[in-house]
Amino acid sequence: MVQNSKLHRSSGGRKPHVMTIFKQNPLLSFREIRNKGDIQFGDNGTTISAVSNKAYVFVRNQSVGDPKIDLIRTLNIPAVTAMEWTHQRFLREIIEALLKTYQQKVFVTHTVDDLLWGYKDEILSLIHTFKPEISPYFGLYYGKNGTNDGDYVFLTGEDNYLNFSKIVEWNGKTTLDWWTTDRCNMINGTDGDTFHPLITKDEVLYVFPSDFCRSVYITFSDFESVEGMPAFRYTVPEEILANTSDNAGFCIPPGNCLGSGVLNVSVCKNGAPIILSFPHFYQADEKFVSAIEGMHPNKDNHETFVDINPLTGVILRAAKRFQINVYVEKLDDFIETGNIRTMVFPVMHVNESVLIDKETASRLKSVINTTLIVTNIPYIVMALGVFFGLVFTWLACRGQRSGDEGTADERAPLIRT
């Protein structure tokens, strides 16, 4: 998997400008290593429990720069989050005093490594004294390297192949409790690592990406070929993040919808004003794109897709692309916000990509070809039966016609009376 990061800056009340620090190649690349662990089968064989382990390894030869050295100036997310926490009366006076005492600024400079994997923050450390559940460390991927996102219970598909790898429970829950409607709190589909076999292009496939804090669905887009194997391309439709009545349950607080193309996930991020979108606000309202100079959304670079072999349900190629943003606004009680404009501010653009390797593709292709031969044997036998039946009928008819077309002497009986 590859992560792409981008640098952002802003000054005063002017429109922020995205300073691109790479073009075709990503700034930093990490190899994402995934595997299922703690696997246990249920008593009846229809379920299996597991965790999805993830680890990230820096790939230097595919990167530009060094994450431990390169500096990025961006939003002071811990300070902005603390300002949001002032809505809680218990913390308001404490946070106001801390921000003034430590002279926190809205923009800070840190190494890429610190911003990704975490650093100890002054404000969070002091708040941690009063609220132990709040970590003194902050990082966009803090606690996500060499860990998992919780305990899953999946269906094995033994009772029905269509249920293969569907999620039954996540962290002991069959539904979520972050959103305001039962429909939005549903945990649907798989975790996105695999799908059931014998997929048809008319199917709608559901996925629960835990970092999105909600279920999404993907729909058929096109036919593809990956390493010589057929694939159905599925993409995330625009309706997923559209500002519609179906998505009203994702508006937090109720009725507070930011617009199409963005998702407020603060309810599952400890109150941090994190807003998720597709890169460059692809498929989002124009107001988000025009608020930031340098946004150039386009399908080729910013669409999330997955190419699935329809026979096996195995993913051959995929790209999960999203953007981490922060909601910022001018708060009269905090001079630190200065004359900042209210907006959804981009912080990092991520591209998690996967492509089946040639060795695995060769083995899978062999399995697919064998399966196709085996499954088609009854049809081959039927076709041969029909073919030979037609040949036999043709020969019989030809023989009859030959008999009818003989001479009078040839048709005369051998013995005459």
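Residues numbered from 1 in each chain as written. Predicted model: local features only at pLDDT ≥ 70, side-chain atom pairs only at ≥ 80, totals over all residues. Heavy atoms only, no water.

Draft legend 1. Looking closely at the pattern of salt bridges. Summed over the entire model, instances satisfying the criterion amount to 18 salt bridges. With a closest N to O distance of 3.7 Å, Asp113 and Lys68 form a salt bridge. With a gap of 45 residues between them, Asp113 in helix H3 (residues 112-117) and Lys68 in the loop between strand S4 (47-58) and strand S5 (71-75) connect regions that are remote in the sequence. By relative accessible area, which is 19% here, Asp113 ends up buried. The exposure class assigned to Lys68 is exposed, which follows from its relative accessible area of 59%. A salt bridge links Asp307 to Arg317; the nearest nitrogen and oxygen atoms lie 2.8 Å apart. Placement of Asp307 in strand S16 (residues 305-308) and of Arg317 in strand S17 (residues 315-328) is noted, with a sequence separation of ten residues between them. What makes Asp307 buried here is its relative accessible area of 0%. Note on Arg317: relative accessible area 23%, which makes it partly exposed. Look at the salt bridges and you will find they share partners, linking Glu32, Arg34, Lys36, Lys54, Asp191, Asp193 and Glu352 into a network. (Salt bridge = Lys/Arg side-chain N within 4 Å of Asp/Glu carboxyl O. Helix = DSSP H or I, 4+ residues; strand = E, 2+ residues; numbered from the N terminus. Buried < 20%, exposed > 50% of the residue type's maximum accessible area, 1.4 Å probe, protein only.)

Draft legend 2. Here's a closer look at the side chain of Thr46. In this fold, Thr46 is placed in the loop between strand S3 (30-41) and S4. Among the polar contacts made by the side chain of Thr46, one reaches the side chain of Asn44 at a distance of 2.8 Å. (Polar contact = N/O pair within 3.5 Å; in protein donor to acceptor, adjacent residues only side chain to side chain.)

Draft legend 3. Here's a closer look at the sheet that holds strand S9 (residues 147-155). Strands sit in the order S3-S4-S9-S10 across an open sheet of four strands; the sheet is antiparallel. At either end of the open sheet lies a strand with only one pairing partner, and these are S3 and strand S10 (167-170). When the angles between neighbouring strand axes are averaged without regard to direction, this sheet yields 30 degrees. Bridging between S9 and S10 involves three bridges; their strand directions are antiparallel. Counterpart to Phe154 in the pairing with S10 is Ile167. (Pairing = 2+ DSSP bridges. Axes fitted to C-alpha atoms, helices over the stretch in contact; angles between N-to-C directions.)

Draft legend 4. Looking closely at the environment of Thr342. Following the sequence through the fold, Thr342 ends up in the loop between S17 and strand S18 (343-355). Linking Thr342 and Lys330, residues twelve residues apart in sequence, is a C-alpha distance of 6.2 Å. Discounting residues that sit within four places of it in the chain, Thr342 has contacts with Tyr327, Val328, Glu329 and Lys330. (Contact = heavy atoms within 4.5 Å.)

Draft legend 5. Structural detail: the packing of helix H1 (residues 77-85) against helix H4 (residues 122-130). Between H1 and H4, whose axes approach to 9 Å, the crossing angle comes to 40 degrees. When the interaxial angle is binned, H1 and H4 end up oblique. Here Pro78, Ala82 and Trp85 of H1 lie close against H4, whose contacting residues are Ile123, Leu124 and Ile127. Considering only residue class, the contact of H1 with H4 consists of six nonpolar, no polar and no charged. (Parallel < 35°, antiparallel > 145°, perpendicular 65-115°, else oblique. Nonpolar A, V, L, I, M, F, W, Y, C, P; charged D, E, K, R; others polar.)

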